[in-house]
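Report on the structure
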Amino acid sequence: MAKEPAVDQEKCIGCGLCTSICPNVFELGADGKAHVKNPGGDAEQKIQEAIDGCPVKAISWKK
Ligand code: SF4
């Protein structure tokens, strides 16, 4: 099964980076935090880019 990302809402500052790199995976919710809307929406490589780019390291792969 493909790996799935998860966002730690406690850490997320809603900067919008992950939603701009992977618009099909992440979306900003009404709470101003990123949420996973479709874990398989973009390539794993792009998701890894979002994980590496998140300024507060709020995104990780689910085990
Ligand atoms: S890149 Fe990180 S801090 Fe920015 S919206 Fe995504 S999860 Fe939140």
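Notes on the structure in this doc start here.

Criteria and thresholds
- Residues numbered from 1 in each chain as written.
- Predicted model: local features only at pLDDT ≥ 70, side-chain atom pairs only at ≥ 80, totals over all residues.
- Heavy atoms only, no water.
- Helix = DSSP H or I, 4+ residues; strand = E, 2+ residues; numbered from the N terminus.
- Polar contact = N/O pair within 3.5 Å; in protein donor to acceptor, adjacent residues only side chain to side chain.
- Contact = heavy atoms within 4.5 Å.
- Near = heavy atom within 4 Å.
- Nonpolar A, V, L, I, M, F, W, Y, C, P; charged D, E, K, R; others polar.
- Salt bridge = Lys/Arg side-chain N within 4 Å of Asp/Glu carboxyl O.
- Buried < 20%, exposed > 50% of the residue type's maximum accessible area, 1.4 Å probe, protein only.

Some remarks on unusual backbone geometry
Positive phi is not limited to glycine here, since K57 has a value of about 50°. With respect to the helices and strands, the residue K57 is situated in the loop between α2 (44-53) and β4 (59-61).

A closer look at the side chain of T19
The topology assignment puts T19 in helix α1 (residues 17-21). A polar atom in the side chain of T19 sits 2.8 Å from the backbone oxygen of G16. Apart from residues lying up to four places away in sequence, T19 is in contact with F26, E27 and L28.

Re the site of the ligand
Taken together, the neighbourhood of the ligand is formed by C12, I13, G14, C15, G16, L17, C18, A34, C54, V56, A58 and I59. A breakdown of the residues in the shell around the ligand according to their chemical character gives 10 nonpolar, two polar and no charged.

Here's the deal with the pattern of salt bridges
Enumeration over the complete set of coordinates arrives at two salt bridges. Between K62 and E4 there is a salt bridge, with the nearest N and O atoms lying 3.5 Å from each other. With a gap of 58 residues between them, K62 in the segment after β4 and E4 in the segment before β1 (5-7) connect regions that are remote in the sequence. Here E49 and K46 are joined by a salt bridge, their closest N and O atoms 3.6 Å apart. Here E49 pairs with K46, and both are found in helix α2, just three residues apart, close to one helical turn. Exposure remark for E49: the relative accessible area of 38% places this residue in the partly exposed category.

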